[in-house]
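Each chain is listed here by its residues.
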Amino acid sequence: PPLLGDRVDLRDLPLVTIDGADARDFDDAVFAEPDTTRSTDGGWHIVVAIADVAAYVTPDSALDREAYKRGNSVYFPDLVVPMLPEALSNGLCSLRPDEDRACMAADLWIGPDGDLRSFKFRRALMRSVARLTYEEVQAAHDANTDPAAPGHLANLYGAYQALSKARRVRGALDLELPERRIILDDAGQVTDIVPVVRLDSHRLIEEFMIAANVAAARELGKRGQPVMYRVHDEPSLEKLEDLREVLTGFGITIARGGISRPGDFNAILARVRGEAHERTVNELILRAQMQAAYSPDNLGHFGLGLRDYAHFTSPIRRYADLLVHRALIRGLGLGKGGLADDQASRFEELGEHISNTERRAIVAERDANDRYTAAFLAGHIGATFTGIIRGVTRAGLFVAIDDKGAEGFVPASRLPGGRPRF
């Protein structure tokens, strides 16, 4: 367990964690209050405290080599393959309530319009006052109650509203794609597949994490330290032309060169909101995007509309974030566990490796979800579902089932009237 030592003592600050009901590792805690010390115009002071994994996983240790090999945690419906041993991921690095925990704390000062005015990073000792779920936070906010500390949730939502303004101004890509959760019984059998409802409490944490990630990238750039950026390049001309041609089939005409910013995509999404083809257009726009990756070359983050962006907020489950923590520790002189010189010189190679492990995890997670979904539907032969025709070929139809997320192929031989005609 961590000792205070040279750390800043934040144990009296009422930080809370907000996660899913089934979460087992808590790597971020948040706090917000009106900014009355640096401005008087309605700005906010936010604290984002992140588990100090670098205090336990030191460069080139056995833990470090295995974490690098895995690159990230992998999440399946029935289990997690963690990047770190559970003694860390669910234990000493998990920000459990009422237990002392080592953390890296980002102090963020934002204006009333969500602009990031200043920031600083501290190595600290914290003590979470509550482990909250998204659902109970949203319910408490809607009921004007507070399960953590008087006024705390109101301040969190106030700061969130400011950050949301900044998001809208910069025109971050605003895709609405349904997420689903696979429900298993104790025997590992799928009992249902249910939609995940996106609440403002989800968006609150997302915006706080984005702000901390931006601050980390800027701090490292200012300090001349290596930065493992999270980059998302703008779509290629070929992808944009393909999208433009497909959209004409939905009556959406766009001039060549008419899409160059995330806001241009948002304008298209606004036109189809509430239409039968809304989901399809959202997915087409998603497919037109380039794949995000990790790189020491700052290409910016097109989807978020940000110039400087690095992953800082999940070192329990992402090696990229651990590298960012180490670079901050070295650049700010925050003690042991800083970035080693040999890693600093290999950031291009490291970025390529962890980008590959992330893609590997995504493929594995999708494959597992597809298998569980197929297993669930195997028990519903003869049932009727609504769906969307996603594609038509001479051989048959590609169909996506609405509420379960399954996708499959209907052969032409099974269609009434036979083969589709063109």
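The sections below set out a description of the structure shown in this document. Because the structure is a prediction, the values reported are computed rather than measured.

1. Considerations on the side chain of His311
Position of His311 among the secondary structure elements: in the loop between β13 (293-295) and α9 (319-332). On the basis of relative accessibility, which here comes to 8%, the residue His311 falls in the buried class. Side chain to side chain, His311 and Tyr294 meet in a polar contact 2.9 Å long. Beyond its immediate chain neighbours, meaning those up to four positions away, His311 contacts Asn213, Met228, Arg230, Tyr294, Arg318, Ala320, Asp321 and Val324.

2. Structural notes on the packing of aromatic side chains
Counted by the stated rule, this structure contains 6 aromatic pairs. Ring geometry for Phe121 and Phe312: centres 5.3 Å apart, planes at 80 degrees, overall edge-to-face. Placement of Phe121 in strand β8 (residues 116-127) and of Phe312 in the loop between β13 and α9 is noted, with a sequence separation of 191 residues between them. Like Phe312, Phe121 is buried.

3. Digging into the sheet that holds strand β14 (residues 387-393)
Here we have 3 strands laid out as an open sheet, ordered β14-β15-β16, and antiparallel in their pairing. Only two strands of the sheet have a single neighbouring strand rather than two, namely β14 and β16 (407-411). Geometrically, the sheet is characterised by an average inter-axis angle of 25 degrees between neighbouring strands, direction not taken into account. Two elements, strand β15 (residues 396-401) and β16, share 5 bridges in a ladder whose sense is antiparallel. When the bridges of β16 are listed, Gly396 appears paired with Pro411. Along the sheet face, helix α8 (residues 278-287) touches β14 and β15 and points at about 55 degrees away from the line of β14.

4. Notes on the side chain of Arg7
Examined against the element boundaries, Arg7 turns out to sit in the segment before β1 (8-9). Within the local environment of Arg7, its side chain forms a polar contact with the side chain of Asp52, the two groups lying 2.8 Å apart. When residues no more than four places from it in sequence are discounted, the contact partners of Arg7 are Asp52, Ala55, Ala102, Cys103, Arg123, Ala124 and Leu125.

5. With respect to the pairing of strand β2 (residues 16-19)
Going residue by residue along β2, you find Val16 and Ile18 tucked away on one face and Thr17 and Asp19 tucked away on the opposite face as well. Both β2 and strand β9 (residues 130-133) contribute to a ladder of 4 bridges, which runs parallel. Counted as the bridge partner of Asp19 is Thr133 from β9.

6. Brief notes about the nonpolar core
Counting 86 residues, the largest nonpolar core has Leu108, Phe208 and Phe312 as the members making the most contacts within it. It is helix α5 (residues 200-223) that contributes the most residues to this core, 12 residues altogether. Leave out the neighbours within four places in its chain, and Leu108 touches Trp44, His45, Ile46, Val48, Leu116, Ser118, Phe119, Phe208, Ala211, Ala212 and Ala215. Membership of the second largest hydrophobic core comes to 16 residues, among which are Ile259, Ile268, Ile285 and Phe302.

Rules used throughout
- Residues numbered from 1 in each chain as written.
- Predicted model: local features only at pLDDT ≥ 70, side-chain atom pairs only at ≥ 80, totals over all residues.
- Heavy atoms only, no water.
- Helix = DSSP H or I, 4+ residues; strand = E, 2+ residues; numbered from the N terminus.
- Buried < 20%, exposed > 50% of the residue type's maximum accessible area, 1.4 Å probe, protein only.
- Polar contact = N/O pair within 3.5 Å; in protein donor to acceptor, adjacent residues only side chain to side chain.
- Contact = heavy atoms within 4.5 Å.
- Phe/Tyr/Trp six-rings, centres within 6.5 Å; stacked < 30°, edge-to-face > 60°.
- Pairing = 2+ DSSP bridges.
- Axes fitted to C-alpha atoms, helices over the stretch in contact; angles between N-to-C directions.
- Core = buried A, V, L, I, M, F, W, Y, C linked by side-chain atoms within 4.5 Å.

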